[in-house]
Amino acid sequence: MPQLLNYLKETASQTAGPYVHIGLIPAMAGFDIFEKNFSNVLVTPNTKGECITLEGNVVDGSGTPLRDVLLEIWQANAAGRYNHPADRSAGRLEEDFRGWGRAGSDFESGLVTFDTIKPGAITDKAGRKCAPHVNLWIVARGINIGLNTRLYFSDEEAANAIDPVLNLVEPAVRRKTLIATRNERAGKVVYSFTINLQGPEETVFFDV
Amino acid sequence: MNAQAPALRDPRLNRPEPFTLLGDGGFFQRDRSMHPTAHAPGYKSSVLRSPRQALLSLENSVSEITGPVFGHNDLGPLDNDLIRNYAKDGDPVGERIIVHGRVLDETGRGVPNTLVEFWQANAGGRYRHKKDTYLAPIDPNFGGCGRALTDDTGYYYFRTVKPGPYPWRNYVNSWRPAHIHFSVFGSGFAQRLITQMYFEGDPLISVCPILTTIPDKDALDRLVAPLDLNASTPFDSLAYRFDIVLRGQRSTYFENRTAGN
């Protein structure tokens, strides 16, 4: 018998369940416990870049929006730089922009919103420009392992057309499931998205 | 002149680059056979909420090997003490327990300074949540959530009361085994994980429709925390040990510092 590699195995995922808010957004469960809370607001008055709202639903196979889903986003700043030591790119780092937020869907409408800034384009290891995007992670009752997807921006047509990840999506007709639509509402920029868990418009999910 | 000043030109640059075993910082490919399937009909909620198309495999880019960084400034002093962090006029009812362990990656290295969040029902199996209507009472002294940052070795611990089992609508007589929910970050967003910890000896484990979504028996067993009498506090609290393994990471070198090593 050859030598053993002895790697450990990743701990199995389990659903976040219907009461995920208790641990991750206690105010939504109906109580106040922590001195400091995480939220769906990523921006401070000092954050550089275009302020935007991401707004959308996660929809099940019957066409019904999930009303107990939790989303997290992870994104670069307006200069295309992630606030993490493994990002060695040249863009300017902003210490007070973590680039991460979490939101629970509204218990009635299922709507999820984030107040953030539009991230800048990113340069990958091979030096290719990647279109601006927000990384999304989705957990809920009935979702056994967190779902990874991305949101790209409808007004970045040229950048999206050469983005190396979007170009991996086949058939190409599914690429549109990753693109949030830009609207302006009362002077605010809103990008709308729909995550379809199933059906002909099923969103592209990634095994990252 | 400072003898330690770096040379302006590295003489090696004029030679062919030596072969070195430098990783790209990407994570080990996720072994999906260790996880529940998305579509697991025995857990009925998964039927309408499971993607049906194949996942698109993505080699890790900077978007996946990076992730949010948390620090002690994000936490309060009572965040890892569920016995005290919501106490109004006394301690919560239930078996006092300590839960402790390490967050490791698949190479066995501890994952330092990473955020671990946990939430649970009270000793009667009732959650402090406006959508939970189970008839067991709310405990006025128990919130049911907490969080901790691992230390330099990946170690975490917290104090709580043992949660109770509770019924739920899957089959008409489905009961969840006692469990604590865990959320863990790791160093990159691709390591993000939510799971549940169960307790050694619980007879509801083998009949739980959520636990049995995991096809691999050993993977299921690794979610069961053993009683750890050595870590208990005599005349005060029992202890359970729960180690959590996140995906391994290939090395990457930058600024003479090794990440993932």
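Calculation rules
- Residues numbered from 1 in each chain as written.
- Chains lettered and ligands numbered in written order.
- Predicted model: local features only at pLDDT ≥ 70, side-chain atom pairs only at ≥ 80, totals over all residues.
- Heavy atoms only, no water.
- Helix = DSSP H or I, 4+ residues; strand = E, 2+ residues; numbered from the N terminus.
- Buried < 20%, exposed > 50% of the residue type's maximum accessible area, 1.4 Å probe, protein only.
- Contact = heavy atoms within 4.5 Å.
- Areas by Shrake-Rupley, 256 points an atom, 1.4 Å probe, with all protein chains shown as cover.
- 1 Å grid on protein atoms, 1.4 Å probe; cavity = no way out; pocket = protein on both sides within 12 Å on 5 of 7 lines; lining within 4 Å.
- Points joined across faces, edges and corners; volume = space filled by probe spheres on them.
- Buried area = accessible area lost by both parts, 1.4 Å probe.
- Salt bridge = Lys/Arg side-chain N within 4 Å of Asp/Glu carboxyl O.
- Nonpolar A, V, L, I, M, F, W, Y, C, P; charged D, E, K, R; others polar.
- Pairing = 2+ DSSP bridges.
- Core = buried A, V, L, I, M, F, W, Y, C linked by side-chain atoms within 4.5 Å.
- pLDDT = per-residue confidence, 0-100.

Novice: What exactly am I supposed to notice about the overall build of chain B here?
Specialist: A count of helical and extended segments in chain B gives two helices and 14 strands. When each of the 261 residues of chain B is scored for burial, the buried share is 52%. Expressed as a percentage of contacts within chain B between residues at least 6 apart in sequence, the contacts between residues at least 24 apart total 71%. Accessible surface computed for chain B: about 12900 Å², of which carbon and sulfur atoms make up 54%.

Novice: Would you mind going over empty space enclosed by the protein with me for this structure?
Specialist: Once rolled over the atoms, a probe with the size of a water molecule shows which space is left empty. All chains considered together, the criterion is met by five cavities of 30 Å³ or more. The volume enclosed by the largest cavity comes to roughly 70 Å³. What lines the largest cavity is simply Asn135, Leu136, Asn148, Thr149, Arg150, Phe206 and Val208 of chain A together with Leu58, Ser63, Glu64, Phe189 and Ala190 of chain B. Within the residue set of the lining of the largest cavity, elements represented by two or more residues are β7 (133-139) and β8 (147-153) of chain A together with α1 (62-65) of chain B. Of all the elements, β8 of chain A adds the most residues to the lining of the largest cavity, at three residues.

Novice: Sorry if this is basic, but what is going on with the interface of chain A and chain B here?
Specialist: One frequently used descriptor of interface size is the decrease in accessible area upon assembly of the parts. In this complex, chain A contributes 73 residues to the contact, which on the side of chain B involves 91 residues. Summed over both sides, the interface of chain A with chain B buries roughly 7600 Å², with 58% coming from carbon and sulfur. Three residues, Glu10, Gln14 and Tyr19 of chain A, lead the burial of chain A against chain B; their summed loss comes to 12% of the area buried on that side. There are eight salt bridges connecting chain A and chain B. When the shortest N-O distance is used, the salt bridge between Arg150 of chain A and Glu64 of chain B registers 2.8 Å. Of all elements in the fold, only α1 (20-24), α2 (26-29), β2 (70-75), β3 (100-104), β7, β8 and β11 (206-207) of chain A reach the threshold of two or more residues within the side of chain A that touches chain B. Its residues placed into classes, the side of chain A that touches chain B shows 39 nonpolar, 16 polar and 18 charged. Across two bridges, the pairing between β11 of chain A and strand β1 (residues 56-57) of chain B is parallel. Residue Phe206 of chain A lies in a different strand from β1 of chain B, and its bridge partner there is Leu56 of chain B.

Novice: Can you help me understand the nonpolar core in this one?
Specialist: What tends to happen in soluble globular proteins is that the nonpolar side chains get buried as a cluster. In this structure, Val99, Phe182, Met197 and Phe242 of chain B are the most contacted members of the largest nonpolar core, which totals 38 residues. Every element with two or more residues in this core is listed here: β2 (96-105), β3 (115-120), β5 (155-161), β8 (179-184), β9 (193-199), α2 (217-221) and β12 (244-246) of chain B. Considering every element that reaches this core, the biggest residue donor is β9 of chain B, with four residues. Residues Phe34 and Val139 of chain A together with Tyr127 and Phe189 of chain B belong to the second largest nonpolar core, which totals 36 residues.

Novice: Any chance you could explain the confidence of the model for chain B here in plain terms?
Specialist: Predicted coordinates in areas of low pLDDT are best not read in detail. All names here are of chain B. With 87% of its residues at a pLDDT of 70 or more, chain B shows a mean pLDDT of 91. In the model, residues 1-9 has pLDDT below 50 throughout and makes zero contacts with residues more than four positions away in sequence or in other chains. Confidence drops under pLDDT 50 across residues 254-261; counting only partners more than four residues distant or on other chains, this segment forms 17 contacts. Interface scoring of the predicted complex returns ipTM 0.97; its pTM is 0.94.

Novice: What should I look at first to understand the pairing of β2 of chain B in this one?
Specialist: When a strand is regular, its side chains alternate between the sheet's two faces. Residue and element names in this part refer to chain B. With respect to burial, β2 is a largely interior element, eight of its 10 residues being buried. Pairing geometry for β2 and β5, over seven bridges, is antiparallel. Bridge pairing links Ile98 to Arg159 in β5. One ladder, built from four bridges, connects β2 with strand β11 (residues 238-241); its direction is parallel. If you follow Val99 over to β11, its bridge partner there is Tyr240.

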